[in-house]
Amino acid sequence: MTDSMRELSESPESTTVVVIGAGPAGLTVANLLRSAGIDCVVLERQTREYVAQRQRAGIVETRAVRMFDSWGLADRVLGGVPHDGILELRVDGEPHLVSDSDGSEGPTARICPQQMLVQKLTAAYLEDGGDLRFEAADVSLHDLTGEHPTVRFRTPDGDLRTITCSYIAGCDGDHGISRSAVPDGTLTPYAFDHGIGWLTVLADAPPPAHPLLAVSEQGFAAHFPRGPYTSRYYLQCPPDDEPGAWSDARVWDALRTRLGDPDLVSGPITDREIFRLRSLVHDPMQYGRLHLVGDAAHIVSPMGGKGMNLALYDAELFARAVRDAVHDQDDTGLRTYSARCLRRVWNDQEFSQWMTRMLHDAGDASNSGLFQRGLARAQLDRLFTSAAAGGAFSELMTGMDFGEDAGPRSR
């Protein structure tokens, strides 16, 4: 059979939702839809092994943990260890412990690296009979404004497949095909370049007692746990710097200086890269039957750990909206999806921007100047001495409660 005959003979499949991308956002959408009794198909262009090892964020914040708990999924999909609610801010070597817990009852944040979350979400979805297809090539979206959009892709064997659905969740990140399927001029991008680079280093070295952010005249640095014997480090650097310029010796010398810890234990460095801090929001987050989820719609500076958590909130809002439309014929959630997501997105963008500026301006004054450095130091002092400032910080770190109805409803 020729390729053209094989393509023409392929009968289209159908499902309620097609999810593009098997990262935290897509797999959360898929698991929540399965919990709500709604069928879906997840398409991922990479292999399962590649997806499972992608190194990204490491903390699932309190409100995201409670979201999974409300759906009865927390024990199945969250690994790692509970976060004790303490964050260390070290200024010129002087430690300050601040709370990033709002003090409310219930489950708290977890130190759960993205690859662990993805692995557990994948396992839970497949154990429940979910349809997850890796190595889906040449994915394309069609008829997005019609009642039954279609998704076309090629299997690893090269066969062309078509899936007809009611809704599409675009969860394939900033460089995926979902957002590019929206006609030019439909979405308005709001972009901001922080003018800051971070060298990120993964090493087999002891983790800190608490997540650590450090300010010094030599620049910003951070130290986060990534497992019982693994740490993730960050070092401020020029955004156009090269990873090769940072030898192992230079990395450890800079970390000991900026963290104010001359006895910092080193270990084998297993990964290093440099990325530029940037923020991006696309408005609206939906077009026809396509709903953008997570990084496909917005990128947030890593300061404050909001990127993955925003994706999890988007995923729940979308899943609940589809549940309401399918089970109750109520499309309010789908029609208002973008506005409701963007309220939280802009709130977290502002918090991340504030924290980024404060912790970088308070250190090396060569970029922002001594006046901005003085202002940033005053902000830090207020954070350490004012109960009201500390409470606001904790609330934002925990994840603002916007009064959204959470969790599944009985059907």
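Residues numbered from 1 in each chain as written. Predicted model: local features only at pLDDT ≥ 70, side-chain atom pairs only at ≥ 80, totals over all residues. Heavy atoms only, no water.

1. Focus: the nonpolar core
Here is step 1: One finds V29, V60, F68 and F318 to be the most contacted residues of the largest nonpolar core, which totals 75 residues.
Here is step 2: The dominant element in this core, judged by the number of residues it contributes, is helix α9 (residues 307-328), at 12 residues.
Here is step 3: Apart from the residues within four sequence positions on either side, F318 is in contact with V17, V29, Y167, I168, A169, H291, L334 and Y337.
Here is step 4: In this structure, L89, L213, V215 and M358 belong to the second largest nonpolar core, which totals 27 residues. (Core = buried A, V, L, I, M, F, W, Y, C linked by side-chain atoms within 4.5 Å. Buried < 20%, exposed > 50% of the residue type's maximum accessible area, 1.4 Å probe, protein only. Helix = DSSP H or I, 4+ residues; strand = E, 2+ residues; numbered from the N terminus. Contact = heavy atoms within 4.5 Å.)

2. What about the side chain of R133?
Here is step 1: Take R133: it is sitting in strand β9 (residues 131-133).
Here is step 2: Here R133 falls in the buried class, since its relative accessible area comes to 18%.
Here is step 3: Within the local environment of R133, its side chain forms a polar contact with the side chain of E13, the two groups lying 2.7 Å apart.
Here is step 4: Ignoring sequence-local partners within four residues, the contact set of R133 consists of E13, V41, V42, L43, E44, F153, R161 and I163. (Polar contact = N/O pair within 3.5 Å; in protein donor to acceptor, adjacent residues only side chain to side chain.)

3. Concerning the sheet that holds strand β13 (residues 167-170)
Here is step 1: What the 6 strands build is an open sheet, ordered β9-β3-β2-β13-β20-β19; its pairing is mixed. Of all the strands in the sheet, just β9 and β19 (286-287) have a single pairing partner and so form its edges.
Here is step 2: Sheet topology note: the strand β2 (residues 17-20)/β13 ladder contains 4 bridges and is parallel. What sits directly across from V19, in β13, is A169.
Here is step 3: The sheet strands contacting helix α6 (residues 114-127) are β3 (40-43) and β9, and the helix crosses β9 at an angle near 130 degrees. (Pairing = 2+ DSSP bridges. Axes fitted to C-alpha atoms, helices over the stretch in contact; angles between N-to-C directions.)

4. Focus: helix α13 (residues 387-398)
Here is step 1: For α13, with 12 residues, the first-to-last C-alpha span of 16 Å sits near the 16 Å given by 1.5 Å per residue.
Here is step 2: Within the sequence span of α13, burial applies to G390, F393, S394, L396, M397 and T398.
Here is step 3: Where α13 is buried, its residues touch α4 (62-70), β6 (86-91), β7 (94-99), α9, α11 (337-361) and α12 (370-385).
Here is step 4: For α13, the N-terminal capping position is held by S386, with its side-chain oxygen 3.4 Å away from the main-chain nitrogen of A388.
Here is step 5: At the C-terminal side of α13, G399 shows a positive phi close to 115 degrees. (Expected span 1.5 Å × (residues − 1).)

5. Some remarks on the environment of H291
Here is step 1: Looking at where H291 falls in the secondary structure, it is placed in strand β20 (residues 290-292).
Here is step 2: The sequence separation of H291 and S338 amounts to 47 residues, and the corresponding C-alpha distance is 8.1 Å.
Here is step 3: Residues within four places of H291 in sequence aside, it is in contact with I168, A169, G170, M285, Q286, F318, L334 and Y337.

6. Focus on the packing of α4 against α9
Here is step 1: Between α4 and α9, whose axes approach to 10 Å, the crossing angle comes to 35 degrees. Like other packed secondary-structure pairs, α4 and α9 cross with a definite hand, here left-handed. Where α4 abuts α9, its residues R63, A64, M67, F68 and S70 lie against N309, L312, Y313 and E316.
Here is step 2: Taken together, the residues that form the contact of α4 with α9 break down as 5 nonpolar, 2 polar and 2 charged. (Left-handed = near helix turned anticlockwise from the far one by under 90°. Nonpolar A, V, L, I, M, F, W, Y, C, P; charged D, E, K, R; others polar.)

7. Some points on the pattern of salt bridges
Here is step 1: Tallied over the entire structure, the rule returns 17 salt bridges.
Here is step 2: With a closest N to O distance of 2.8 Å, D92 and R377 form a salt bridge. Of the two residues, D92 sits in the loop between β6 and β7 while R377 sits in helix α12, which places them 285 residues apart along the sequence.
Here is step 3: For D92, a relative accessible area of 45% puts it in the partly exposed group.
Here is step 4: When the shortest N-O distance is used, the salt bridge between R357 and D361 registers 3.1 Å. Placement of the pair is R357 and D361 together in helix α11, with a separation of 4 residues, close to one helical turn.
Here is step 5: The exposure class assigned to R357 is partly exposed, which follows from its relative accessible area of 24%.
Here is step 6: A relative accessible area of 5% means that D361 is categorised as buried.
Here is step 7: Among the ionic contacts, a cluster of salt bridges with common partners joins E13, D131 and R133. (Salt bridge = Lys/Arg side-chain N within 4 Å of Asp/Glu carboxyl O.)

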